[in-house]
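Observations on the three-dimensional arrangement
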Amino acid sequence: ISKALEENRFTLYQQPIVDVVRNSSNHLEILLRMIDEEGNIIPPGAFMSAAERYGLMLDIDRWVINQVFKYIGADNPADPIKGTNRIFAINLSGDSVNDSKLLDFILAEKEKFDISLTNICFEITETVAISNLMKATLFINKLKEHGCVFSLDDFGSGLSSFAYLKSLPVDYLKIDGSFVKDISRDEIDRAMVESIQQIGKVMKLDTIAEHLEY
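A quick note: this is a predicted structure, and the numbers were derived from the prediction, not measured. (Residues numbered from 1 in each chain as written. Predicted model: local features only at pLDDT ≥ 70, side-chain atom pairs only at ≥ 80, totals over all residues. Heavy atoms only, no water.)

Considering the pairing of strand β6 (residues 149–155)
- Across the seven residues that make up β6, a large majority, six, are buried.
- Strand direction decides the pairing type here: strand β5 (residues 120–125) and β6, joined by five bridges, are parallel. Each residue of the ladder has a partner; that of phenylalanine 122, found in β6, is phenylalanine 150.
- Direction of pairing for β6 relative to strand β7 (residues 172–175): parallel, over a ladder of three bridges. Note that in β7 the partner of leucine 152 across the bridge is leucine 173. (Buried < 20%, exposed > 50% of the residue type's maximum accessible area, 1.4 Å probe, protein only. Helix = DSSP H or I, 4+ residues; strand = E, 2+ residues; numbered from the N terminus. Pairing = 2+ DSSP bridges.)

This is how it looks when you write it as structure tokens:
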């Protein structure tokens, strides 16, 4: 993994998050893949755990941020990005959220590529948010001052999800896929999804369903 970082052997994909009401797909989640020395694409499940174990997630997250900001700032006339209404969702690890220098890095990259953070949505998992609620809240509020939005990922997987939700100034709730994939067959999963959707509506948050298939 370290060698892949040194040799720039990572690549990014975009997965659309489709708005079922407006039938739009301007919200795109950024997905990371590693390329091995033979040029094969390595899925995240094969290297993310090792990266977390050996403290490499901060470097990987910074690589992703740099590449996405660079892409937005390219201003290619054939595919104009600046001023776009698209939102690019970037996942942040717990190491990054807890890193006191990440905020300065994000703002420095913003200036470097002359972009607006209104096109950026950072995704933080529920587990990470719970583990350091005060630091996560401060981090979110600082970046929201620059127009950035936030999504709470894997929502519903924790035991105290609703208890702390009022404290986190997020914009999106991503319902944990374990509840979504069986809603057509399991009444309990359906009730869980409906309850999360309802609380999101009351709090004026958009909800995103993981693992949705059609």
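And the narrative resumes.
Some thoughts on the packing of aromatic side chains
- Considering all chains together, one arrives at five aromatic pairs under this definition.
- Between the aromatic rings of phenylalanine 10 and phenylalanine 47, the centroid separation amounts to 5.9 Å while the plane-to-plane angle is 65°, which identifies the pairing as edge-to-face. Pair noted here: phenylalanine 10 is in strand β1 (residues 10–19) and phenylalanine 47 is in the loop between β3 (41–42) and α2 (48–53), with a separation of 37 residues, a long-range link. Of the two residues, phenylalanine 10 and phenylalanine 47, neither departs from the other in class, the shared state being buried.
- Here phenylalanine 139 and phenylalanine 150 contribute two aromatic rings whose centre-to-centre distance is 6.0 Å and whose plane-to-plane angle is 80°, an arrangement assigned as edge-to-face. Of the two residues, phenylalanine 139 is situated in helix α7 (residues 133–144) and phenylalanine 150 in strand β6; the sequence distance between them amounts to 11 residues. Here the two residues phenylalanine 139 and phenylalanine 150 agree in accessibility, since each one is buried.
- Ring pairing ties together the aromatic residues Phe10, Phe47 and Trp63, which thus form one cluster.
- Over the ring of phenylalanine 105 we find arginine 62; its NZ or CZ atom is 4.6 Å from the centre of that ring. (Phe/Tyr/Trp six-rings, centres within 6.5 Å; stacked < 30°, edge-to-face > 60°. Lys NZ or Arg CZ within 6 Å of the ring centre and 35° of its normal.)

As for the nonpolar core
- The biggest cluster of nonpolar side chains holds 54 residues, and the ones touching the most others in it are Phe69 and Phe122.
- When residues in this core are grouped by element, the largest group, eight residues, is from helix α3 (residues 57–73).
- Apart from the residues lying within four places of it in its own chain, the contact partners of phenylalanine 122 are Ile65, Phe69, Ile90, Leu92, Ile106, Leu143, Cys148, Val149, Phe150 and Ser151. (Core = buried A, V, L, I, M, F, W, Y, C linked by side-chain atoms within 4.5 Å. Contact = heavy atoms within 4.5 Å.)

Focus on the layout of surface pockets
- In this model, the second largest pocket occupies a volume close to 150 Å³.
- Lining the second largest pocket we find Val97, Asn98, Asp99, Ser100, Leu103, Lys135, Leu138, Phe139 and Lys142.
- The greatest single-element share of the lining of the second largest pocket, amounting to four residues, is contributed by α7.
- Within the lining of the second largest pocket, the residues separate by chemical class into four nonpolar, two polar and three charged. (1 Å grid on protein atoms, 1.4 Å probe; cavity = no way out; pocket = protein on both sides within 12 Å on 5 of 7 lines; lining within 4 Å. Points joined across faces, edges and corners; volume = space filled by probe spheres on them. Nonpolar A, V, L, I, M, F, W, Y, C, P; charged D, E, K, R; others polar.)

Section: the pattern of salt bridges
- Throughout the structure, instances matching the rule amount to 10 salt bridges.
- When the shortest N-O distance is used, the salt bridge between aspartate 99 and arginine 62 registers 3.0 Å. Of the two residues, aspartate 99 sits in the loop between α4 (94–97) and α5 (102–113) while arginine 62 sits in helix α3, which places them 37 residues apart along the sequence.
- You can call aspartate 99 buried: its relative accessible area is 16%.
- By relative accessible area, which is 23% here, arginine 62 ends up partly exposed.
- With its nearest N and O atoms 3.4 Å apart, the salt bridge here joins glutamate 194 to arginine 190. With a gap of four residues between them, glutamate 194 and arginine 190 both fall in helix α10 (residues 187–202), about one helical turn apart.
- Through salt bridges with shared partners, a single ionic network connects Glu29, Glu123, Asp153 and Lys174. (Salt bridge = Lys/Arg side-chain N within 4 Å of Asp/Glu carboxyl O.)

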